[in-house]
Amino acid sequence: MTITFVKEQKDIIVAQGANLREKALQNGVDIYTLKGKLMNCGGYGQCGTCIVEITAGMENLSPKTDFENRVLRKKPDNFRLACQTLVNGPVSVNTKPKG
């Protein structure tokens, strides 16, 4: 299956259940704003700085965690924390969304 990073025009082939944050970083896709670069927790789901926008394939992702529901409560429904998101099918992602 494929993760498409829209802004970067990059397609990454991943195995089912791949962690979105890990695959982005392994493939040189920058998901963090400056604040996130300085403050990120390393993928442990504690800081909320790895926000991405899912533009297609939301149904192919793991359910939102309780932490995501709290951190993203004022954000659009298609925003996810990359570190908490497991990919189970094709998905398209916008990094560093405004919103």
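About the thresholds
- Residues numbered from 1 in each chain as written.
- Predicted model: local features only at pLDDT ≥ 70, side-chain atom pairs only at ≥ 80, totals over all residues.
- Heavy atoms only, no water.
- Pairing = 2+ DSSP bridges.
- Helix = DSSP H or I, 4+ residues; strand = E, 2+ residues; numbered from the N terminus.
- Axes fitted to C-alpha atoms, helices over the stretch in contact; angles between N-to-C directions.
- Contact = heavy atoms within 4.5 Å.
- Buried < 20%, exposed > 50% of the residue type's maximum accessible area, 1.4 Å probe, protein only.
- Polar contact = N/O pair within 3.5 Å; in protein donor to acceptor, adjacent residues only side chain to side chain.

(A) Inspection of the sheet that holds strand S5 (residues 79-81) at higher detail. In space, the five strands of this open sheet follow the order S2-S1-S7-S4-S5, with mixed pairing throughout. Edge positions in the sheet fall to strand S2 (10-13) and S5, since each of these pairs with one other strand and no more. Neighbour-to-neighbour, the strand axes of this sheet turn through a mean angle of 35°, independent of strand direction. One ladder, built from three bridges, connects strand S4 (residues 51-56) with S5; its direction is antiparallel. Bridging from a neighbouring strand, Ile51 pairs with Leu81 of S5.

(B) Geometry of the side chain of Thr85. Following the sequence through the fold, Thr85 ends up in the loop between S5 and strand S6 (86-87). Here Thr85 is in contact with Ala18, Asn19, Leu20, Leu61, Ser62, Glu68 and Arg80, once residues within four sequence places are set aside.

(C) Broad picture of the side chain of Asn19. Counting through the fold element by element, Asn19 comes out in strand S3 (residues 18-19). Take Asn19: its relative accessible area is 13%, and that puts it in the buried class. Among the polar contacts made by the side chain of Asn19, one reaches the main-chain amide nitrogen of Arg21 at a distance of 3.0 Å. Setting aside chain neighbours within four positions, we find Asn19 in contact with Ala82, Cys83, Thr85 and Leu86.

(D) View of the pairing of strand S1 (residues 2-5). Because side chains alternate across S1, one face comprises the buried residues Ile3 and Phe5, and the other comprises Thr2 and Thr4, none of which is buried. Alignment of S1 against S2, held across four bridges, turns out to be antiparallel. Residue pairing across strands places Phe5 opposite Lys10, the latter belonging to S2. Following S1, the chain reverses through four residues before pairing antiparallel with S2; Gln9 in that reversal takes a positive phi of roughly 50°. Across three bridges, the pairing between S1 and strand S7 (residues 91-95) is parallel. Its bridge partner lying in S7, Phe5 is registered against Val93.

(E) View of the pairing of S7. Of all the five residues making up S7, five are buried; the element is thus mostly covered by neighbouring parts of the structure. The side-chain alternation of S7 yields two buried faces, one formed by Val91, Val93 and Thr95 and the other by Ser92 and Asn94. For S4 and S7, the ladder comprises four bridges, and the chain directions are antiparallel. Bridge pairing in S7 links Ala56 to Ser92.

Purely geometric stuff here, so don't read any function into it on its own.
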